[in-house]
Amino acid sequence: MALSLPDQTTTSQPAFPSESNESEPNNEQRKTNNEELAAHVLAGLTRQPRALSSMYFYDAVGSELFQQIMALPEYYPTRTEFGLLTRHRAAMAAALTSADGQPLHLLELGAGDGLKTKILLRELLAAGTDFTYAPVDISPTAVEGLAESLRTELPTLRVQPLVAEYTAALAGLRGQPGRKAVLFLGSNIGNFPPEARQQFLAALAAQLGPDDRLLFGFDLRKDPRQIRAAYDDAQGVTAAFNLNLLTRLNRELQADFDLAAWEHFADYDPLTGAMRSFLVSRRAQQVRIGALGRSFDFAAWEAIHTENSYKFTLPQIEQLAAAAGLRVLTAFQDEQQWFADVMLAPVP
Ligand SMILES: C[S@@+](CC[C@H](N)C(=O)[O-])C[C@H]1O[C@@H](n2cnc3c(N)ncnc32)[C@H](O)[C@@H]1O
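All of these numbers come straight from a predicted model, not from anything done at the bench. (Residues numbered from 1 in each chain as written. Predicted model: local features only at pLDDT ≥ 70, side-chain atom pairs only at ≥ 80, totals over all residues. Heavy atoms only, no water.)

> What's the story with the nonpolar core in this structure? I'm lost.
The nonpolar side chains of a soluble globular protein tend to be buried with one another. Formed by 38 residues in total, the largest nonpolar core has its most connected members in Val41, Leu45, Leu249, Phe257, Trp262, Ile289 and Phe298. Elements with a minimum of two residues in this core: α1 (27–46), α2 (60–70), α8 (224–230), α9 (237–252), β8 (262–269), β9 (274–281), β10 (285–289) and β11 (294–298). Among the elements that make up this core, the one with the highest residue count is α9 (six residues). When residues no more than four places from it in sequence are discounted, the contact partners of Leu249 are Leu37, Val41, Leu52, Gln254, Ala255 and Phe257. Ranked by size, the runner-up nonpolar core spans 34 residues in total, among them Ala164, Leu173, Phe200 and Leu320. (Core = buried A, V, L, I, M, F, W, Y, C linked by side-chain atoms within 4.5 Å. Buried < 20%, exposed > 50% of the residue type's maximum accessible area, 1.4 Å probe, protein only. Helix = DSSP H or I, 4+ residues; strand = E, 2+ residues; numbered from the N terminus. Contact = heavy atoms within 4.5 Å.)

The following block contains the structure:
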């Protein structure tokens, strides 16, 4: 594919530390962000099939809607992973910590609201671990909300929050002193299509030394109906989350998407493990995107692919790790085998 999409671009997003006084992006940053979004939308809507990255779901409204999704009865991943972290927190914290007491740099990619991570952070603090927590997320509101809640809930924690795209966040990793550990929870890894997933893991592994660790969440294959329901809930919150992407384009790129003419569609393929979401045009229509100075024609029932959420098997996870020069130390699983939090290390 021309784009390493549908879900994760490899373009870097300008990063700004949210510890600075700038709680909001300034005009220059906003302009650059909009230019990147405009370039992405142009590429995504001129290719066939049309696709936009799920990375752009997470404006302030999108991040808020995702918090609502995590609490939905159908959305089993968050509850299941929360249970895993609660049950295995001591073993996980011990595996992340270096036996010789080196300081730990704990990077979290796509941290979101950090609800589950706080279980581990509390455990590490209670064990007296010398560590810095560096949550990274593309969503400024998610990073600011997390940093604010940590200041109140865990005031002694050293935090280095960053608003950045994954790949940009990896750049500074190699130079960190001591042990490095990378958290990638919530099965965010499933957003990458297979080739980009492998490339991403190889790029990440290249930043690590033999003593470093990774803790990745993987959503496992299960009843296809259960998976599909998690991405098409009865209350329509996931539909609102998907459609919010069009609202964002209307606002940030002066587009004129008529939201009533689009609908959310989600489908799971049990052969490939691909859970995919689409925005489907309910009628033939033309949409103008002011920032691009052009219009796009959509046929009736034409789809824009907006998200992948791949599901995995344990042998597949082992293969993925091995191809990136990593090995599985422990796969923490719930009793129903719905989800796995997998501790990985570089092959010595
Ligand atoms: C599905 S949520 C999961 C959040 C958290 N890891 C959890 O398990 O609850 C994905 C998060 O990753 C962020 N995100 C998505 N794509 C990203 C990217 N390419 N770079 C940085 N952050 C990204 C989103 O803003 C969102 O907060």
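Once you've had a look at it, read on.
> Sorry if this is basic, but what is going on with unusual backbone geometry here?
Note: most peptide bonds trans; most residues except glycine with negative phi. With an omega of -10°, the peptide bond running from Gln48 to Pro49 counts as cis. Considering the arrangement of structural elements, one finds Pro49 in the loop between α1 and α2. A positive phi angle is found at Trp301, which is not glycine, with a value near 70°. Here Trp301 falls in the exposed class, since its relative accessible area comes to 54%.

> Is there a simple way to explain the sheet that holds β8 in this structure?
Note: strands within a sheet are paired through backbone hydrogen bonds, in either parallel or antiparallel orientation. Pairing is antiparallel across the open sheet formed by three strands, whose spatial order is β8-β9-β12. Sheet topology places β8 and β12 (303–308) at the edges, where each strand pairs with a single neighbour. Taken pair by pair, the neighbouring strands of this sheet meet at an average axis angle of 25°, ignoring direction. Across eight bridges, the pairing between β8 and β9 is antiparallel. Residue pairing across strands places Ala266 opposite Ser277, the latter belonging to β9. (Pairing = 2+ DSSP bridges. Axes fitted to C-alpha atoms, helices over the stretch in contact; angles between N-to-C directions.)

> What should I look at first to understand the UniProt feature "domain: Histidine-specific methyltransferase SAM-dependent" (unreviewed entry) in the protein in this one?
According to UniProt, the feature "domain: Histidine-specific methyltransferase SAM-dependent" (unreviewed entry) maps to residues 38–344 in the numbering used here. Across residues 38–344, helical content stands at 37% and strand content at 25%; the span's end C-alpha atoms are separated by 37 Å. (UniProt positions renumbered as here; feature names shortened; annotations may be inferred.)

> When you look at the pattern of salt bridges in this model, what are you seeing that I'm missing?
One side chain can pair with another of opposite charge once the charged atoms of both are near each other. Evaluation of the coordinates by the stated rule reveals 18 salt bridges. Arg251 is the salt-bridge partner of Asp59, the closest N and O atoms lying 2.9 Å from each other. Separated by 192 residues along the polypeptide, Asp59 in the loop between α1 and α2 and Arg251 in helix α9 bring together distant segments of the chain. Among the residues examined, Asp59 registers a relative accessible area of 7% and is labelled buried. (Salt bridge = Lys/Arg side-chain N within 4 Å of Asp/Glu carboxyl O.)

> Looking at this structure, I do not really get the packing of helix α7 (residues 194–205) against helix α10 (residues 314–323). What am I missing?
Helix packing geometry: the angle between the two helix axes and the distance between the axes. Between α7 and α10, the shortest axis-to-axis distance is 9 Å and the interhelical angle comes to 50°. Looking at the two axes, α7 sits oblique to α10. Regarding α7 and α10, the two cross each other, and that crossing is right-handed. Residues Arg197, Gln198 and Leu201 of α7 form the contact with α10, whose own contacting residues are Gln316, Leu320, Ala321 and Ala323. Class assignment of the residues belonging to the contact of α7 with α10 gives a composition of four nonpolar, two polar and one charged. (Parallel < 35°, antiparallel > 145°, perpendicular 65-115°, else oblique. Left-handed = near helix turned anticlockwise from the far one by under 90°. Nonpolar A, V, L, I, M, F, W, Y, C, P; charged D, E, K, R; others polar.)

> How do you make sense of the environment of Leu215 when you look at a structure like this?
Assignment of secondary structure puts Leu215 in strand β7 (residues 213–219). Taking C-alpha positions, Leu215 is 33 Å from Ala43, a pair spaced 172 residues apart along the chain. Beyond its immediate sequence surroundings of up to four residues, Leu215 is in contact with Met92, Leu96, Leu120, Val182, Leu183, Phe184, Leu185, Asp341, Val342 and Met343.

> Mind showing me how you'd approach the pairing of strand β3 (residues 131–137) here?
Strand residues, when the strand is regular, have side chains that alternate between the two faces of the sheet. Of all seven residues in β3, seven are buried; the element is thus mostly enclosed. Going residue by residue along β3, you find Phe131, Tyr133, Pro135 and Asp137 tucked away on one face and Thr132, Ala134 and Val136 tucked away on the opposite face as well. Handedness of the strand β2 (residues 104–109)-helix α4 (residues 117–126)-β3 crossover: right-handed. Sheet topology places β3 next to strand β4 (residues 158–159); two bridges connect them, and they run parallel. Note on β4: the bridge partner recorded for Thr132 is Arg158. For β3 and strand β5 (residues 162–163), the ladder comprises two bridges, and the chain directions are parallel. Within the sheet, the bridge partner assigned to Val136 lies in β5 and is Leu162. (Right-handed = clockwise from strand over helix to strand, strands pointing away.)

> Honestly, the side chain of Glu252 in this entry has me stumped. Any pointers?
With respect to the helices and strands, the residue Glu252 is situated in helix α9. When its relative accessible area of 17% is taken as the criterion, Glu252 is described as buried. At a separation of 3.2 Å, a polar atom in the side chain of Glu252 contacts the side chain of Arg251. Once residues within four sequence positions are removed from consideration, Glu252 is found in contact with Asn34 and Leu37. (Polar contact = N/O pair within 3.5 Å; in protein donor to acceptor, adjacent residues only side chain to side chain.)

> It is not clear to me how the packing of aromatic side chains should be interpreted in this structure. Could you clarify?
Note on aromatic pairs: each is described by the distance of the centres and the angle between the planes. Here the structure, examined in full by the defined rule, presents 20 aromatic pairs. An angle of 65° between the planes, with centres 6.4 Å apart, marks the rings of Phe57 and Tyr58 as edge-to-face. Cluster of aromatic residues (ring-pair linked, three or more members): Tyr166, Phe184, Phe192, Phe200, Phe216, Phe218 and Phe312. Arg197 extends its terminal NZ or CZ atom over the ring of Tyr310, reaching a point 4.9 Å from the ring centre. (Phe/Tyr/Trp six-rings, centres within 6.5 Å; stacked < 30°, edge-to-face > 60°. Lys NZ or Arg CZ within 6 Å of the ring centre and 35° of its normal.)

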